[in-house]
Amino acid sequence: MTPAQTLQHRTDGPDDAPVLVLGPALGATWHMWDRQIPELTRHWRVLRFDLPGHGGSPAYSADSADTLAERLLATLDQLGVDRFGYAGCDIGGAIGMRLALLAAQRVSSLALISSSPRYDTPDSWRQRGVVVRTNGLDPIARTTPERWFTPAFAAAQPAIVEWAVQMVRTTDPGCYIAACEAMASFDAQQTLGGVGVPTLVVAGAEDETTPPAEARALVAGIPDARLAIVPGASHLTPVEQPGAVTDLLIRHFTTSWQQSPAGPPAPAPVIAPVPQQTSAVAELESAERAALRTDSYDTGMKVRREVLGDAHVDRVGEETDDFTADFQHLATRYAWGEIWTRTGIDRRTRSVVTLTALAARGHHEELAAHTRAALRNGLTPDEIKEVLLHTGIYCGLPAANAAFTVAQRVIREETTPEDRRAAQEDNEPHGI
């Protein structure tokens, strides 16, 4: 294997122990896991790796999670490692999700930390690449503490904050830009159901980069997943709450490896818990208790995207937080997974019914989205006009008058150039 086909790595722990791989966050090096190593190496041979151009590793850039996963597998092949457990943070989590699909027979168990089915929007990642290309990594490095750590931790641990800034600042810019492209193109929303290994999903309670709602979406989509929320932690949870993360990893990989029918022998059971900080783990949910991860949710999300469009659904997802997550799951599962999928009437007819109901009830914030959906479902502007005329007779002229105003705007927007329409859709109220 050439250096361009593998990843810079180091191993710690007994040579004959099962292998546990730790994947880093974008901008971080394998040193982000330093405080987990003493305890983890009691049970596993731990392999840590650096992303290309990070921590002095060769600058052979990779612009997709698949490429990074393939290079990691090549590295493990070179070391003679067949099966392994995997824990990854941030982009390391994206790599883990791809490993579970690309090499399912080799991954014994999985942990996803500060991870998401889709990390922000592609445009936001490409814009970050523009910033780096224009100004270097210094602007990104200076804003790293507010993305990675809680204000309380940053104030109490200035040396760690400075370490984080320098770690990002010394990354190869070209490799960082390529990694941004990898994040922009990563989207596991439709493939989570294929992750067939026991999975622990960990989120920092105060993480605004990948908030707990993103972790719940992972648990909702992965068939055998559990959720842990760590209080007092932001995005770089293994650094900010090392005791809690270490304890979670040991408990998860010990039990899940024991349950695995294949792979190396399980590590010895944990006799005593790892000492943790007082703000350890507040929430640990079994897959059965996780929010609505049924087939109707997956089907509903597919139909919701087909009818309302990816841009609309992505925008709703970006603004979903702990307060609204359960409602969005409810709407996706029942409205889109149970009703819109029924075969008694077609989607065009459902759009007619929906437009009538929204106009009659005066739900103008929903009417714009569903007028656009009606066009997507095959109704012509003339047919929408007929629907609203009919609504005016049976539901009242004032209701129809207001509905005509909304529908007229949307129909006009659909005839404008694509770039202008996208800007208008960004400002459109969110329908369900």
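The structure presented is a predicted model; accordingly, all values stated were derived computationally and were not measured.

### Describing helix α19 (residues 397–413)
Next up, step 1: In this model α19 runs 24 Å from its N-terminal to its C-terminal C-alpha over 17 residues, within 8% of the 24 Å that 1.5 Å per residue would give.
Next up, step 2: Turning to α19, its buried residues are Ala399, Ala400, Ala403, Val406, Ala407, Val410 and Glu413. Down the axis of α19, the buried set is contained in an arc of 145 degrees. They therefore lie on one face. Among the exposed residues of α19, those oriented more than 90 degrees off its buried face are Leu397, Pro398, Asn401 and Arg412.

### Quick look at the nonpolar core
Next up, step 1: Grouped together as the largest cluster of nonpolar side chains are 91 residues, with contacts concentrated most on Leu72 and Phe84.
Next up, step 2: Residues contacting Phe84, with those up to four places away along its chain left out, are Val19, Val21, Leu73, Leu76, Leu99, Arg106, Val107, Ser108, Ser109 and Trp257.
Next up, step 3: Counting 14 residues, the second-largest nonpolar core is a separate cluster that includes Leu367, Ala368, Leu388 and Val406.

### Details of the pattern of salt bridges
Next up, step 1: For the structure shown, the criterion picks out 22 salt bridges.
Next up, step 2: For Glu413, the salt bridge goes to Arg409, with nearest N and O atoms at 3.1 Å. In this pair, Glu413 and Arg409 both sit in helix α19, four residues apart, roughly one turn of the helix.
Next up, step 3: When salt bridges with common partners are traced through the structure, they connect Arg118, Asp187, Arg305, Asp310 and Asp314 into a single cluster.

### As for helix α9 (residues 173–185)
Next up, step 1: If you check α9, its first and last C-alpha atoms are 19 Å apart, about what 13 residues at 1.5 Å a residue would give, namely 18 Å.
Next up, step 2: Along α9, the residues classified as buried are Cys175, Tyr176, Ile177, Ala178, Ala179, Cys180, Ala182, Met183 and Ala184.
Next up, step 3: Buried-residue contacts for α9 involve α2 (65–78), α3 (91–102), α4 (122–135), α5 (138–142) and α6 (144–148).
Next up, step 4: The N-capping residue of α9, defined by a side-chain oxygen 3.2 Å from the backbone nitrogen of Gly174, is Asp172.

### Observations concerning unusual backbone geometry
Next up, step 1: The backbone phi angle of Asp90 is positive, close to 60 degrees, even though this residue is not glycine.
Next up, step 2: Note on placement: Asp90 falls in the loop between β4 (84–89) and α3.

### Considering the confidence of the model for the protein chain
Next up, step 1: Within the protein chain, residue pLDDT values average 87, and 87% of them lie at 70 or more.
Next up, step 2: Per-residue pLDDT stays below 50 along residues 285–294; that stretch engages in 27 contacts with residues further than four places along the chain or on separate chains.
Next up, step 3: pLDDT under 50 marks residues 419–425. Its contacts with residues more than four places away, or in other chains, come to 10 contacts.

### Quick look at the environment of His54
Next up, step 1: Position of His54 among the secondary structure elements: in the loop between β3 (45–49) and α2.
Next up, step 2: A relative accessible area of 0% places His54 in the buried class.
Next up, step 3: Separated by 119 residues in the primary sequence, His54 and Pro173 have C-alpha atoms spaced 9.5 Å apart.
Next up, step 4: Those residues within four positions of His54 in sequence are excluded, and the remaining contacts are Gln8, Leu26, Gly27, Ala28, Thr29 and Thr171.

### Brief notes about the pairing of strand β2 (residues 19–23)
Next up, step 1: Summarising burial for β2: five of the five residues are buried, a large majority.
Next up, step 2: Burial of the side chains of β2 extends over both faces: Val19, Val21 and Gly23 are buried on one face and Leu20 and Leu22 on the other.
Next up, step 3: Across four bridges, β2 lies against β3 in parallel orientation. Its bridge partner being in β3, Leu22 is matched across the sheet by Arg48.

### Points about a nonpolar patch on the surface
Next up, step 1: A cluster of nonpolar residues, Phe327, Leu330 and Tyr334, forms a patch on the protein surface that exposes about 290 Å² of accessible area.
Next up, step 2: Residue placement: Phe327 occurs in helix α15 (residues 322–339).
Next up, step 3: Exposure remark for Phe327: the relative accessible area of 44% places this residue in the partly exposed category.

Basis of the calculations
Residues numbered from 1 in each chain as written. Predicted model: local features only at pLDDT ≥ 70, side-chain atom pairs only at ≥ 80, totals over all residues. Heavy atoms only, no water. Helix = DSSP H or I, 4+ residues; strand = E, 2+ residues; numbered from the N terminus. Expected span 1.5 Å × (residues − 1). Buried < 20%, exposed > 50% of the residue type's maximum accessible area, 1.4 Å probe, protein only. Arc of directions from axis to C-beta. Core = buried A, V, L, I, M, F, W, Y, C linked by side-chain atoms within 4.5 Å. Contact = heavy atoms within 4.5 Å. Salt bridge = Lys/Arg side-chain N within 4 Å of Asp/Glu carboxyl O. Polar contact = N/O pair within 3.5 Å; in protein donor to acceptor, adjacent residues only side chain to side chain. pLDDT = per-residue confidence, 0-100. Pairing = 2+ DSSP bridges. Patch = residues over 30% accessible without salt bridge, like charges linked within 9 Å, V, L, I, M, F, W, Y side chains within 5 Å. Areas by Shrake-Rupley, 256 points an atom, 1.4 Å probe, with all protein chains shown as cover.

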